[in-house]
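# Structural overview
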Amino acid sequence: MSNNSAANSSLVLAQKAVKQLRLEASVRRIKVSQAAAELKAFCLQNAHKDPLLTGVPSSDNPFRPPKSCVLF
Amino acid sequence: MGEMEQLRKEAESLKDQITAARKAVQDTTLQEAAAGITVVGRVQLKTRKTLRGHLAKIYAMHWAVDANLCVSASQDGKLIVWDTITTNKVNAIPLKSSWVMTCAYAPSGNLVACGGLDNMCSIYNLKGKDGNVKVMRELAAHTGYLSCCRFLSDSEIITSSGDCTCVLWDIETGTQKTVFAGHQGDCMSLAVSPDFKFFISGACDFTAKLWDIREGVCRQTFGGHESDINAIGFFPNGNAVITGSDDATCKLYDLRADQELITYQDSSIMCGVTSLAPSLSGRLILAGYDDFNVNIWDSLKSERVGVLAGHDNRVSCIGVSADGMACCTGSWDSFLKIWN
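Residues numbered from 1 in each chain as written. Chains lettered and ligands numbered in written order. Predicted model: local features only at pLDDT ≥ 70, side-chain atom pairs only at ≥ 80, totals over all residues. Heavy atoms only, no water.

Chain B is annotated in an unreviewed UniProt entry as Guanine nucleotide-binding protein G(I)/G(S)/G(T) subunit beta-3-like isoform X1 of Parambassis ranga. According to its UniProt record, chain B has this under Sequence similarities (unreviewed entry): "Belongs to the WD repeat G protein beta family." (UniProt positions renumbered as here; feature names shortened; annotations may be inferred.)

With an unreviewed UniProt entry as reference, chain A is termed Guanine nucleotide-binding protein subunit gamma, source organism Parambassis ranga. We quote the UniProt Subcellular location (unreviewed entry) comment for chain A here in full: "Cell membrane".

Right under this line is the structure:
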């Protein structure tokens, strides 16, 4: 009895695995050249807006209070 | 018996089909496509703030979307919400279980969540009427530890677990809406796409999976890593996925080309990646490692362009703020540091 149910569940698992693989195989793929070009373009277009990349001047840095000269 | 053998053969054939289909669109490499760009100049970030207060290892941190708030979780049994500019603790929430492994901030800023070896995801309301922060919901159904959680909204959260599944919960009713099963190893990390339609999970079966949240199915599976994937994140435009693994490498997979485009590795790095976060433009990938450092990678050129050295123990978590202004690292040394 238990042998049968074990065999059945392996069968169900195998059927699910095949169904999943069919789904993944059917994905529409674009060429790597197009994918790479778009990643590159996104990086370059947004570079100027990326503070960690461009650096943050101390006057604009909320984490760093600007040092001010006080003249008495 | 005949049917099992047939299914096994069909599975093998489909795997070969996928490999062939991926190769068929591989008309170039990211390396070649980026050949004309120069490597980013040396990135030198400085510690601007140190958040002190936890009494034990920090396991997770997550930035709020608005403001300069973040939440951190430590095995000292506390969730702390920090104002990263003043370094003040806005909330210090005592947890029922100190074995916390993950925390998350809801996009609204109203809720935080955490979970760990208690196998549950606990939701806390930060904006309760009487000012006290209380447990709003305990989401229990996972049969393994909670490794990661991320809010879709104040009413939905996605969790990943050591029981090899990820779950979409209805916070209001405390019930499971969808169970995402398919990984053959503990799910270690998850990230939600910028449009909230998909999420990706990284697991101890060495693969990353892309899930369609509403349809409840896995759309794509990415392999290549040679050990557990501990960290995962979306490239800012939502079209690529970055993973970090115990095999000491990070990889970038493009979702639309359905394949790995580049690996971030160096022969001198021999320890596992624990955490990662891309900068706002995606050009920089900040990755935390077991050797107490954070390495900064030029994502297009696959070269190391900086190191954040400052912690006295493993860097367990890292996050870049919503406006990209700063990076926060959390460590087993019990401190969080803000860098820019």
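That was the structure; now back to the text.
Along its length, chain A carries three helices and zero strands. Traced from its N-terminal end to its C-terminal end, chain A shows the element sequence α-α-α. Looking at chain A as shown, the accessible area adds up to about 5000 Å², and 58% of this sits on carbon and sulfur atoms. (Helix = DSSP H or I, 4+ residues; strand = E, 2+ residues; numbered from the N terminus. Areas by Shrake-Rupley, 256 points an atom, 1.4 Å probe, with all protein chains shown as cover.)

Scanning chain B for helices and strands turns up two helices and 28 strands. Here the C-alpha radius of gyration of chain B, 20 Å, is about what a compact globule of 340 residues would show, namely 20 Å. Seen through its C-alpha atoms, chain B measures out along the principal axes to roughly 60 × 50 × 30 Å. Here the contacts in chain B between residues at least 6 apart in sequence split such that 44% fall between residues at least 24 apart. Of the accessible surface of chain B, which amounts to about 13200 Å², a share of 49% is contributed by carbon and sulfur atoms. For chain B, the distance from the average position of its 31 positive side-chain charges to the average position of its 38 negative side-chain charges is 6 Å. (Rg over C-alpha atoms; globule rule 2.2 N^0.38 Å. Contact = heavy atoms within 4.5 Å. Lys, Arg positive; Asp, Glu negative; His and termini not counted. Charge placed at Lys NZ, Arg CZ, Asp CG, Glu CD.)

All right, on to the side chain of Asn340 of chain B then. Mapped onto the elements of the fold, Asn340 of chain B is located in the segment after strand 28 (336-339). Other than its neighbours up to four places away in sequence, Asn340 of chain B contacts Leu52, Val56, Asn61 and Phe63 of chain A together with Leu45, Lys46, Arg48, Met325 and Ala326 of chain B.

In this section: the packing of aromatic side chains. Any aromatic ring pair is given by two values, namely how distant the centres are and how the planes are angled relative to each other. Residue and element names in this part refer to chain B. Enumeration according to the criterion identifies seven aromatic pairs over all chains in this entry. Measuring from ring centre to ring centre gives 6.0 Å for Tyr264 and Trp297, while their planes differ by 50°; the resulting arrangement is tilted. Of this pair, Tyr264 sits in strand 21 (residues 259-264) while Trp297 is found in strand 24 (residues 293-298), placing the two residues 33 residues apart along the sequence. Residue Tyr264 shares its accessibility class with Trp297, and that shared class is buried. Every member of this aromatic cluster is reached through a ring pair, and the members are Phe180, Phe199 and Trp211. The positively charged end of Arg52 is found above the aromatic ring belonging to Phe335, 5.6 Å away from the centroid. Just above the ring of Trp332 sits the side chain of Lys57; from NZ or CZ to the centre is 3.8 Å. (Phe/Tyr/Trp six-rings, centres within 6.5 Å; stacked < 30°, edge-to-face > 60°. Buried < 20%, exposed > 50% of the residue type's maximum accessible area, 1.4 Å probe, protein only. Lys NZ or Arg CZ within 6 Å of the ring centre and 35° of its normal.)

All names here are of chain B. Scanning the entire structure with this criterion turns up one cavity of 30 Å³ or more. Empty space within the largest cavity amounts to approximately 100 Å³. Surrounding the largest cavity, 14 residues form its lining, Leu95, Ser97, Cys114, Asp118 and Ser122 being those nearest its centre. In terms of residue class, the lining of the largest cavity is made up of seven nonpolar, four polar and three charged. (1 Å grid on protein atoms, 1.4 Å probe; cavity = no way out; pocket = protein on both sides within 12 Å on 5 of 7 lines; lining within 4 Å. Points joined across faces, edges and corners; volume = space filled by probe spheres on them. Nonpolar A, V, L, I, M, F, W, Y, C, P; charged D, E, K, R; others polar.)

In this section: the layout of surface pockets. Taken as a whole, the second largest pocket holds about 1200 Å³ of empty space. Lining of the second largest pocket is provided by 35 residues; of these, Ala17, Gln20, Leu21 and Glu24 of chain A together with Lys209 of chain B occupy positions nearest its centre. Of all the secondary-structure elements, those providing two or more residues to the lining of the second largest pocket are helix 1 (2-25) of chain A together with helix 1 (2-24), strand 13 (175-181), strand 16 (208-212), strand 17 (217-222) and strand 21 of chain B. By residue class, the composition of the lining of the second largest pocket is 13 nonpolar, 11 polar and 11 charged.

A word on the interface of chain A and chain B. Interface size is commonly expressed as the accessible surface area that is lost when the partners come together. Contacts between chain A and chain B engage 40 residues on the former and 65 residues on the latter. Of the roughly 4300 Å² buried at the junction of chain A and chain B (both faces included), carbon and sulfur atoms supply 70%. Inspection of the chain A/chain B interface yields three salt bridges. Ionic pairing is found between Asp258 of chain B and Arg29 of chain A, a salt bridge with its closest N-O pair at 2.9 Å. (Buried area = accessible area lost by both parts, 1.4 Å probe. Salt bridge = Lys/Arg side-chain N within 4 Å of Asp/Glu carboxyl O.)

Grouped together as the largest cluster of nonpolar side chains are 29 residues, with contacts concentrated most on Phe235, Cys250, Leu252, Tyr264, Ala287, Tyr289 and Trp297 of chain B. Of all the secondary structure elements, the ones that give two or more residues to this core are helix 2 (32-46) of chain A together with strand 19 (240-245), strand 20 (250-254), strand 21, strand 22 (273-278) and strand 23 (284-289) of chain B. Apart from residues lying up to four places away in sequence, Leu252 of chain B is in contact with Leu39 of chain A together with Phe235, Ala240, Val241, Ile242, Gln259, Glu260, Leu261, Ile262 and Tyr264 of chain B. Ranked by size, the runner-up nonpolar core spans 16 residues in total, among them Leu45, Val294, Leu308 and Val315 of chain B. (Core = buried A, V, L, I, M, F, W, Y, C linked by side-chain atoms within 4.5 Å.)

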